[in-house]
Amino acid sequence: MIDWYYDTLPGDAFAAALHELRREGEVVSARALDGAMPFHYIVGHTALADAFRDGDQFPPGHAYQIISLPFIGETFMSMNEDRHRVWRPPMTPSFRRSAIDRMDRHRLAQIGHDLLDLLEGETSTDLVHSFTRRYAFRVICDQLGLPIEQEAQYYQWSMDLMFGGRDLAKSQAADRELTAMVTPVIEARRREREDDQISRWLDTRVEGNAIDDDAMLAHIRLFFTAGATTTSDAMSNLFHALLTHPGSWEQCVAEPAAQAGAIQELLRWNPPVAAQPRFTHPDNPVRLAGVEMPPNSPVLFGIAAANRDPRVFDDPDRFDITRNTKTLLTFGPGLRTCPGMHLAQKNLETALRIVAERLPRLRLDRNRARPPEGILLRGTSTLPVSWH
């Protein structure tokens, strides 16, 4: 029996397992934590779209309060809907579509070129460690005003924070390291503002009060864990998919206009957030797709499953960068749509463009490569590539 928390289901095994579940219905029963936690898994596209839009029956803040708040701190994601509406805009001005549209295209590209410059004279690398895990964090740090000297540690800190329930000591150690890195920056910005998000927070009031250090630290933890980490994984998944499907990488190199379709197809075919935990209404049973769920019971929002629902997508297991995809649930519809979706897509667009321009002969060593894996978050830990 699959454990829908601890198992990793690498490569095609994940999609196969989800198809098996979907044969039972759009909402199915499953187990996690060595069988100790029964839960409902929403695997159908229609049911999941309905659930995302029903914040009353599946209150997203409630899930974050249980799962993330002890390790991340209170953020707009863990607040109820009224406070979420108040806190989200002032904490995310740099992530709005208008801000992303105004973002200096050359600055994003330069961040990527700086990383590729480090590979001058080389003919091979592990693209995960030299590029994808560094690029997304450099962009976030550039926006926040944080240093990059310890960037090699940022991904692991984020993973340790995010999965604090698995290893509390690692989570606490990561928090100490992150806090030690961020605190001097906040103190410096108090003395002198710069053009970054921390400076803007210091000049912002929410609910009549200044944003304190705890709130800033909590939101930086959130942007590292839910923002940079998932963008990094999406980038790794993108290059893995393009380099393992004949003709896809070559088409993106020869026809740059095909790159946007490749990104959208990746976000459907192998999204970095495969499932989101939720809980049903704390006091009332919930009914969805003919299935009744008890009050305050765990639910998984199966994004990866819904994105391969054959009732919505033709030949859903085929990776096709020419597919016209318009019904993705990757970033979640409704009030809690991912606040970083526009930045994430801009990062993917920029990274793919500059790597295709500078390393057009990129090849994956498939004997050493590992496919994406993970039940909740999916990514690959290594992409051994060469370009000679």
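Scroll up for the structure.
Residues numbered from 1 in each chain as written. Predicted model: local features only at pLDDT ≥ 70, side-chain atom pairs only at ≥ 80, totals over all residues. Heavy atoms only, no water.

(A) Quick peek at the nonpolar core. Formed by 121 residues in total, the largest nonpolar core has its most connected members in Trp 4, Tyr 41, Phe 131, Leu 146 and Phe 224. Among the elements that line this core, the one with the most residues is helix H12 (residues 213–244), at 15 residues. Phe 131 has contacts with Gly 112, Leu 115, Leu 116, Met 235, Phe 239, Ala 351, Ile 354 and Val 355, leaving out every residue within four places of it along the chain. (Core = buried A, V, L, I, M, F, W, Y, C linked by side-chain atoms within 4.5 Å. Buried < 20%, exposed > 50% of the residue type's maximum accessible area, 1.4 Å probe, protein only. Helix = DSSP H or I, 4+ residues; strand = E, 2+ residues; numbered from the N terminus. Contact = heavy atoms within 4.5 Å.)

(B) Inspection of the sheet that holds strand S3 (residues 124–126) at higher detail. Ordered in space as S3-S11-S10, the three strands form an open sheet in which the pairing is antiparallel. Bordering the open sheet on either side are S3 and strand S10 (363–364), each of which pairs with just one other strand. Where S10 meets strand S11 (residues 384–386), two bridges bridge the pair, whose relative direction is antiparallel. Its bridge partner being in S11, Leu 364 is matched across the sheet by Val 385. Contacts from helix H8 (residues 127–144) reach S3 and S11 within the one sheet, and its direction differs from that of S3 by about 60°. (Pairing = 2+ DSSP bridges. Axes fitted to C-alpha atoms, helices over the stretch in contact; angles between N-to-C directions.)

(C) The side chain of Thr 380, seen in detail. In this fold, Thr 380 is placed in the loop between S10 and S11. On the basis of relative accessible area, Thr 380 is assigned to the buried category, the value being 2%. At a separation of 2.5 Å, a polar atom in the side chain of Thr 380 contacts the main-chain carbonyl oxygen of Arg 370. In this structure the side chain of Thr 380 is engaged in a polar contact, spanning 3.2 Å, whose partner is the backbone oxygen of Thr 382. Those residues in contact with Thr 380 that lie beyond four places of it in its chain are Val 128, Arg 133, Ser 236, Asn 237, Arg 370, Pro 371 and Pro 372. (Polar contact = N/O pair within 3.5 Å; in protein donor to acceptor, adjacent residues only side chain to side chain.)

(D) Region of interest: the packing of aromatic side chains. Here the structure, examined in full by the defined rule, presents 14 aromatic pairs. An aromatic cluster is present here, built from Trp 4, Phe 14, Phe 39 and Tyr 41 joined pairwise through their rings. One residue, Arg 166, lies across the ring of Tyr 5, its end atom 4.3 Å from the ring centre. In this structure, Arg 278 is placed above the aromatic ring of Phe 301, and the distance from its NZ or CZ to the ring centre is 4.9 Å. (Phe/Tyr/Trp six-rings, centres within 6.5 Å; stacked < 30°, edge-to-face > 60°. Lys NZ or Arg CZ within 6 Å of the ring centre and 35° of its normal.)

(E) Up close: the layout of surface pockets. A volume near 580 Å³ is recorded for the second largest pocket. Around the second largest pocket, the lining is made up of 27 residues, and of these Met 159, Phe 163, Arg 166, Glu 373 and Leu 377 lie nearest the centre. Going through the elements one at a time, helix H9 (151–162) and helix H10 (168–191) are the ones with two or more residues in the lining of the second largest pocket. In terms of residue count, the dominant contributor to the lining of the second largest pocket is H9 (four residues). Of the residues contributing to the lining of the second largest pocket, the split by class is nine nonpolar, eight polar and ten charged. (1 Å grid on protein atoms, 1.4 Å probe; cavity = no way out; pocket = protein on both sides within 12 Å on 5 of 7 lines; lining within 4 Å. Points joined across faces, edges and corners; volume = space filled by probe spheres on them. Nonpolar A, V, L, I, M, F, W, Y, C, P; charged D, E, K, R; others polar.)

(F) Quick look at helix H16 (residues 341–358). Over its 18 residues, H16 runs 26 Å from end to end, which matches the ideal 26 Å to within 8%, given 1.5 Å per residue. When you tally the buried positions in H16, you get 14 out of 18 residues, the bulk of the element. (Expected span 1.5 Å × (residues − 1).)

(G) Here's a closer look at the side chain of Asp 3. In this structure, Asp 3 sits in the segment before helix H1 (12–22). Put simply, Asp 3 is tucked away with no salt bridge, and the nearest opposite charge, on Arg 166, sits 7.6 Å away. Polar contacts involving the side chain of Asp 3 include one to the main-chain amide nitrogen of Leu 33, which spans 3.1 Å. Excluding anything up to four places from it in sequence, Asp 3 contacts Arg 31, Ala 32, Leu 33, Asp 34, Gly 35 and Ile 375. (Lys, Arg positive; Asp, Glu negative; His and termini not counted. Salt bridge = Lys/Arg side-chain N within 4 Å of Asp/Glu carboxyl O.)

Read these as layout, nothing more, since geometry by itself doesn't imply function.
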